[in-house]
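# Inside the fold
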Amino acid sequence: MAEQNFPTGDLMKGKRGLIMGVANKNSIAWAIARQLAAQGAEIAFTYQGEALLRRVKPLAESIGSDILVECDVTDDATMDNTFATLKDKWGKIDFLVHAIAFAGKDQLAGSFVDNTTREGFKSALDISAFSFVDAARRASEIMNDGGAMVTLTYLGSERVVPNYNVMGVAKAALEACTRYIAADLGPRSIRVNAISAGPIKTLAAAGIGSGRHMFKFNKAASAMQDNTDPMGVAGAALYLLSDLGLSCTGETHHVDGGFHAIGMPQEGPLREAME
Ligand code: NAD
Ligand code: 0WE
């Protein structure tokens, strides 16, 4: 992503929170971090393993964050340590961003029914859906009433996208988890929402089987005839995590140039291709 200016202001002033899922400067979680920081948020980060620290540390430092905790969501000890660290340093938090997904590469190609294994299914659902439930429970224990949580999802949960396969099933579970967590935490005025982003060129979207077609097709078939800008995802996260989002909970909000709304291509390249 080119250098961009995230709108500044005080919408997140006095709020502290945890962002899970920054891998590098292209991560959706990093766009969200910059937008929240530009509105005054104090942010702690988790990173998945030693190898990613080299990338995440300078990013965190560039927005004045000094809380960086190693966390693999499949490892309870590192989850315990993450939230114990936040409790120790801050006492309370106001927001959580969950931007984590993984399925084995062998699970993301070809026939869903033939290629999905028990282990592949378990691991995709564990890392991509249960991890939000687990993080939300831990975060809720130290979250101020009136706080908020956001996770990232994708349209492959609602409709078949070639090769997305078991990740689509995991995202469907993640969206359902979002609604159940929202119901449980609603009485404390903690809001819990998902952002369904269109395809964005990140590490997680690199090397996907049908990648080139994916971006071309989304550009051609979306209402806006353009790819999804991570700044729009960051703006939605700011809305949902700040008090602008009051009364919005249990929602899956699409930020995809309107791709989800289209049932048949309008005039444009896709129609011409069929002539
Ligand atoms: P990314 O590769 O930058 O981020 C994915 C993150 O998941 C990485 O930081 C990685 O370290 C983390 N992760 C994976 N397994 C983990 C584990 N076991 N423990 C801890 N962390 C783990 O890619 P991204 O595209 O920014 O992905 C962020 C979220 O956005 C994901 O949930 C993804 O499904 C979602 N999303 C992405 C797109 C897209 O096209 N890029 C579209 C919609 C939704
Ligand atoms: O959620 C995602 C990707 C998540 C993801 C990516 C990888 C790549 C490397 C999960 N697990 C893995 N495992 C790996 O080994 N997206 C929304 C981006 C994405 O991924 C696709 C897509 C889109 C869009 C995969 C196939 C088809 C479309």
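Located above this text is the structure these notes cover.
Residues numbered from 1 in each chain as written. Chains lettered and ligands numbered in written order. Predicted model: local features only at pLDDT ≥ 70, side-chain atom pairs only at ≥ 80, totals over all residues. Heavy atoms only, no water.

Right, let's talk about the packing of aromatic side chains for a bit. Summed over the entire model, instances satisfying the criterion amount to three aromatic pairs. Note on Trp30 and Phe45: the rings are 6.2 Å apart at their centroids and 45° apart in plane angle, and the pair reads as tilted. Of the two residues, Trp30 is situated in helix α1 (residues 28-38) and Phe45 in strand β2 (residues 42-47); the sequence distance between them amounts to 15 residues. An identical accessibility class is assigned to Trp30 and Phe45; each is buried. Pairing Tyr154 with Tyr164 gives two aromatic rings, centres 4.9 Å apart and planes at 75°, and the pair type is edge-to-face. Of this pair, Tyr154 sits in the loop between β5 (143-153) and α6 (165-185) while Tyr164 sits in the loop between β5 and α6, placing them 10 residues apart in sequence. Its relative accessible area of 12% is what places Tyr154 among the buried residues. The ring of Phe215 has Lys201 lying over it, and the distance from NZ or CZ to the ring centre is 4.8 Å. (Phe/Tyr/Trp six-rings, centres within 6.5 Å; stacked < 30°, edge-to-face > 60°. Helix = DSSP H or I, 4+ residues; strand = E, 2+ residues; numbered from the N terminus. Buried < 20%, exposed > 50% of the residue type's maximum accessible area, 1.4 Å probe, protein only. Lys NZ or Arg CZ within 6 Å of the ring centre and 35° of its normal.)

The next point concerns the packing of helix α3 (residues 76-90) against helix α5 (residues 118-141). Relative orientation of the contacting elements α3 and α5 amounts to 35°, with a least axis distance of 10 Å. For the pair α3 and α5, the crossing hand works out as right-handed. Taking contact as the criterion, the partners of Asp76, Met79, Asp80 and Phe83 in α3 are, on α5, Ser131, Asp134, Ala135, Arg138 and Ala139. For the contact of α3 with α5, a count of residues per class yields four nonpolar, one polar and four charged. (Axes fitted to C-alpha atoms, helices over the stretch in contact; angles between N-to-C directions. Left-handed = near helix turned anticlockwise from the far one by under 90°. Contact = heavy atoms within 4.5 Å. Nonpolar A, V, L, I, M, F, W, Y, C, P; charged D, E, K, R; others polar.)

Moving on: the site of ligand 1. Looking at ligand 1, there are 27 residues lining it, with Ser27, Gln48, Lys171, Ile200 and Thr202 nearest. Between an oxygen atom of ligand 1 and a main-chain N or O atom of Ile28, the distance comes to 2.9 Å. With respect to ligand 1, the backbone of Val73 contributes an N or O atom lying 3.0 Å from a nitrogen atom. Taken together, the residues of the shell around ligand 1 break down into 19 nonpolar, six polar and two charged. (Near = heavy atom within 4 Å. Polar contact = N/O pair within 3.5 Å; in protein donor to acceptor, adjacent residues only side chain to side chain.)

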